[in-house]
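Descriptive analysis of the structure
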Amino acid sequence: MTDHTTTESLEGLDQDYESRLTLTAPGDVVFDALTTTEGLAGWWTTTVTGDGRTGGELTFKFGPAAPVVMRVDAAERGAGIRWTNVAGHHEDWVGTTLHFDIEAMPAGGTGLRFRHAGLTPRLECFSDCKNGWDHVTASLRAYVETGTGNPWMSAADIARREPANAG
């Protein structure tokens, strides 16, 4: 299985953060992980409220910081999900869109293309946000493939933050 992240070079300062995953989980499991509060709590942050269906709104809490609020622009089983960030503790995110494109793979499993449109190397938060998304997409993989992810403040999330806080 080959995964690909296209933000390793700063040559494209306007290039959105993107990650492509090949998952062993079926598409319906991936879709549910991206549209239900139980699924989202399993891999991103454990405090999620709202409605992940088209027209809904999801609120993600990360401790005392302002919650991240996403408007659900589209949620179509077998195709993908699109959110627009309408509020949150990362001011750079407001107005950006998150795309989760889901595709059944011919040999089984699911292809997932995640793109955070508007999250580019030009933004002050890019490095921290890229590191965060790299962790979160790995957590999503773990959740859909094993049933256990590594959401915000899990042992794996805390461990990844320790090197950044040392020294």
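Fair warning: this is a prediction, and the values are worked out from it, not measured in the lab.

Quick look at the overall build of the chain now. A tally of helices and strands in the chain yields 4 helices and 8 strands. Along the chain, helices and strands appear, N-terminal first, in the series β-β-α-α-β-β-β-β-β-β-α-α. Here the C-alpha radius of gyration of the chain, 15 Å, is about what a compact globule of 167 residues would show, namely 15 Å. Here the C-alpha coordinates of the chain stretch approximately 45 × 35 × 30 Å along the principal axes. When each of the 167 residues of the chain is scored for burial, the buried share is 44%. Of all intrachain contacts in the chain linking residues separated by at least 6 positions in sequence, the fraction that spans at least 24 positions is 42%.

A few words now on unusual backbone geometry. Unlike most non-glycine residues, M153 shows phi in positive territory, near 70°. For M153, the position within the fold is in the loop between α3 (126-146) and α4 (155-165). On the basis of relative accessibility, which here comes to 43%, the residue M153 falls in the partly exposed class.

We now examine the side chain of S139. On the secondary structure map, S139 appears in helix α3. On the basis of relative accessibility, which here comes to 1%, the residue S139 falls in the buried class. Discounting residues that sit within four places of it in the chain, S139 has contacts with G42, W43, G149, N150 and P151.

Let us now look at the packing of helix α1 (residues 27-35) against α3. Viewed as axis vectors pointing N to C, α1 and α3 meet at an angle of 125°, and their least axial separation amounts to 10 Å. Classified by the angle between their axes, α1 and α3 sit oblique to one another. At the point where α1 passes α3, the crossing takes the right-handed sense. Each of V29, V30, A33 and L34 in α1 lies in contact with α3, whose residues at this interface are L140, Y143 and V144. Of the residues contributing to the contact of α1 with α3, the split by class is 7 nonpolar, no polar and no charged.

Take H89: it is sitting in the loop between β6 (80-87) and β7 (97-104). C-alpha of H89 to C-alpha of K61: the two residues are 28 residues apart in sequence and 9.8 Å apart in space. If near-sequence neighbours (up to four positions away) are discounted, H89 is found in contact with F62, A65, A66, P67 and V68.

Most of strand β2 (residues 17-23) is tucked away: 5 of the 7 residues are buried. Across 7 bridges, β2 lies against strand β8 (residues 110-117) in antiparallel orientation. Bridge pairing in β8 places S19 opposite F114.

To continue, consider the environment of W44. When you line up the elements, W44 lands in the loop between α2 (37-41) and β3 (47-50). Apart from the residues lying within four places of it in its own chain, the contact partners of W44 are F60, F62, M70, W83, W93, W133, V136, P151 and W152.

Another aspect to go through is the layout of surface pockets. Put simply, the largest pocket is a space of about 500 Å³. Taken together, 21 residues line the largest pocket, and the ones lying closest to its centre are H90, D128, G132, R160 and R161. Of all the secondary-structure elements, those providing two or more residues to the lining of the largest pocket are α3 and α4. Looking at the lining of the largest pocket, the element that brings in the most residues is α3, giving 7 residues.

Criteria and cut-off values
- Counting from 1, residues in each chain are numbered in the order their sequence is written.
- With pLDDT at 70 or above as the cut-off, local features in this predicted model cover only qualifying residues; side-chain atom pairs require 80 or more to be listed or tallied, and sums for whole chains, interfaces and linings still use all residues.
- Hydrogens and water are ignored here; the side-chain numbers use all heavy atoms of the structure.
- Strands here mean DSSP runs of E at least two residues long; helices mean DSSP runs of H or I at least four residues long; both are numbered from the N terminus.
- We compute the radius of gyration over the C-alpha atoms and compare it with the globule rule, which gives 2.2 Å times the number of residues raised to the power 0.38.
- Here the term buried applies to any residue with accessible area under 20% of the maximum for its type, exposed to any over 50%, and partly exposed to those in between, with areas from a 1.4 Å probe on protein chains only.
- In this analysis, two residues are considered to be in contact whenever any of their non-hydrogen atoms come within 4.5 Å of each other.
- Note on method: axes are straight lines fitted to C-alpha atoms, helices fitted across the in-contact stretch only, with angles between N-to-C directions ranging 0 to 180 degrees.
- An angle below 35 degrees is read as roughly parallel, one above 145 as roughly antiparallel, one from 65 to 115 as roughly perpendicular, and any other as oblique.
- In this scheme the handedness of a crossing depends on how the near helix is turned from the far one: anticlockwise by less than a right angle means left-handed, clockwise means right-handed.
- Asp, Glu, Lys and Arg are counted as charged, while Ala, Val, Leu, Ile, Met, Phe, Trp, Tyr, Cys and Pro are counted as nonpolar; the rest, among them Gly, fall into the polar class.
- For two strands to be treated as a pair, DSSP must find at least two bridges joining them.
- Only protein atoms enter the 1 Å grid, on which a cavity is a set of points fitting a 1.4 Å probe that cannot get out and a pocket is an open set with protein on both sides within 12 Å along at least 5 of 7 lines, lining residues being those with an atom within 4 Å of a point.
- Grid points are joined across faces, edges and corners, and a volume is the space filled by probe spheres set on the points.

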